[in-house]
Amino acid sequence: MSKSNQQKNINPTTNKLSKKDRRNAAWRWSFIGSNNVNYGTLQGTGYAWSVANTLRKIYPNDDDYVEAMKVEFEYFNITPYMGPLVVGADIAMQEQQGTESLDAVRSIKTSLMGPLSGIGDSLLWVLYPTIMGSISGYMALDGNPLGAIIWMVLNIALVWMRIKLFDLGYESGARLITDMADRLTAITEAASVMGLTVVGSLIATVVKVYTPLEFAFGDVSLALQDGIFDQILPALLPVVLTGLVYWLMEKKKWGFLRIIFTIVVISLIGSYFGVLGVAP
């Protein structure tokens, strides 16, 4: 039997990770991974870099490793503080079931990044620095060194919190595979539905397309946006634009930069001729 075939017969679940192997992903995400952002996958490359060394321990076979890393390179965006929770669950699931867990991993990543970001953005990205930063800042301005000390201690505590969130995610992911293996398909489907729901809500709330065009019939005028499009389906134009972008990416293989520049040019031309505008 060739060396390649021997490697393929290795069951990834037998390659148990040490605590150091697991924590490697948590540290990489905490200090570098969440800072690697691009227009295509946002934090996808940073996420993949964070788990790369750990997954290599799980997948000694190159083909399995490449298959897993393709999933990790996909789109991902989350409040950096909350990321370790997802990373931990991801690693635990792959450690238990190898490449068979990749569909579940993809669904878990997609479904968790939205809700966790809602919590993280509110509490840790806005509330925490606003309140504690103000208290520490005022103390420092008054010449009290305790203000700077409190701020440094709190930030060290946030690093500790990331590690604990990773442990929580790892334990939850392992329990998901071992204790609920018979329900994994249902859980994966539910996570997929939740992920699609989150993406769908983003289309209606984040994507903005508005036309000020009006049809005039004698003394009566009818706004194209409010009188027709919104009556057929609220956020119809954002849905159409999203569908068009998806079609260009999947069918025509357009890159993100080409799509961005095309949208910018069309927006400028549409605004100049009064076809597109800003919603009142």
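Residues numbered from 1 in each chain as written. Predicted model: local features only at pLDDT ≥ 70, side-chain atom pairs only at ≥ 80, totals over all residues. Heavy atoms only, no water.

In this structure the tally under the stated criterion is five salt bridges. Residues aspartate 62 and arginine 56 are paired through a salt bridge, measuring 2.5 Å at the closest nitrogen-oxygen approach. Residue classification places aspartate 62 among the partly exposed residues on the basis of a relative accessible area of 42%. Notably, a salt bridge pairs arginine 106 with aspartate 103, separated by 3.3 Å at the nearest N-O pair. Of this pair, arginine 106 and aspartate 103 are both found in helix H6 (residues 102-141), three residues apart, which corresponds to roughly one turn of the helix. The class for arginine 106 is partly exposed, based on a relative accessible area of 30%. Linked by salt bridges that have partners in common, Glu74, Asp103 and Arg106 make up one network. (Salt bridge = Lys/Arg side-chain N within 4 Å of Asp/Glu carboxyl O. Buried < 20%, exposed > 50% of the residue type's maximum accessible area, 1.4 Å probe, protein only. Helix = DSSP H or I, 4+ residues; strand = E, 2+ residues; numbered from the N terminus.)

By the bridge criterion, four bridges tie strand E1 (residues 214-217) to strand E2 (residues 220-223) in an arrangement that is antiparallel. Directly across from phenylalanine 215, in E2, lies its bridge partner leucine 222. Linking E1 back to E2 in an antiparallel pair, the connection comprises two residues, with glycine 218 at a positive phi of about 70 degrees. (Pairing = 2+ DSSP bridges.)

Okay, the packing of aromatic side chains next. Under the defined criterion, the tally for this structure stands at five aromatic pairs. When the ring of tryptophan 29 is compared with that of phenylalanine 76, the centres are 6.2 Å apart and the planes differ by 80 degrees; the resulting orientation is edge-to-face. Pair noted here: tryptophan 29 is in helix H2 (residues 19-31) and phenylalanine 76 is in the loop between helix H4 (62-72) and helix H5 (83-97), with a separation of 47 residues, a long-range link. Here tyrosine 272 and phenylalanine 273 contribute two aromatic rings whose centre-to-centre distance is 5.0 Å and whose plane-to-plane angle is 90 degrees, an arrangement assigned as edge-to-face. The exposure classification of tyrosine 272 matches that of phenylalanine 273, with both residues exposed. Site record: aromatic cluster; members linked through ring pairs are Trp29, Tyr47 and Phe76. (Phe/Tyr/Trp six-rings, centres within 6.5 Å; stacked < 30°, edge-to-face > 60°.)

The contact between helix H3 (residues 44-58) and H4 brings their axes to 9 Å, and the two run at 150 degrees. One element, H3, and the other, H4, form an angle in the roughly antiparallel class. Between H3 and H4 lies a crossing whose hand is right-handed. Contacts from Gly44, Tyr47, Ala48, Val51, Ala52, Leu55 and Arg56 of H3 reach H4 at Asp62, Tyr65, Ala68, Met69 and Glu72. Classifying every residue of the contact of H3 with H4 by side-chain character gives eight nonpolar, one polar and three charged. (Axes fitted to C-alpha atoms, helices over the stretch in contact; angles between N-to-C directions. Parallel < 35°, antiparallel > 145°, perpendicular 65-115°, else oblique. Left-handed = near helix turned anticlockwise from the far one by under 90°. Contact = heavy atoms within 4.5 Å. Nonpolar A, V, L, I, M, F, W, Y, C, P; charged D, E, K, R; others polar.)

On to unusual backbone geometry, then. Although it is not a glycine, leucine 42 adopts a positive phi angle of roughly 55 degrees. Relative to the elements of secondary structure, leucine 42 occurs in the loop between H2 and H3. For leucine 42, a relative accessible area of 24% puts it in the partly exposed group. You will see that lysine 253, though not glycine, has its phi angle at about 60 degrees, which is positive.

What follows covers the packing of H5 against H6. Running from amino to carboxyl end, H5 crosses H6 at an angle of 165 degrees, the nearest separation of the two axes being 10 Å. One finds that H5 runs roughly antiparallel with respect to H6. Crossing geometry of H5 relative to H6 is assigned as right-handed. Here H5 contributes Leu85, Val86, Asp90, Met93 and Gln94 to the contact with H6, which in turn contributes Leu102, Ala104, Val105, Ile108, Lys109, Leu112 and Leu116. Looking at the contact of H5 with H6 residue by residue, the class counts come to nine nonpolar, one polar and two charged.

This brings us to the confidence of the model for the chain. In this model, the chain carries a mean pLDDT of 81, and residues with pLDDT of at least 70 account for 86%. Per-element mean pLDDT across the chain ranges from 42 in helix H1 (residues 3-8) up to 92 in H4. Segment residues 1-14: pLDDT under 50, and 17 contacts once partners within four positions in sequence are set aside and those in other chains are kept. (pLDDT = per-residue confidence, 0-100.)

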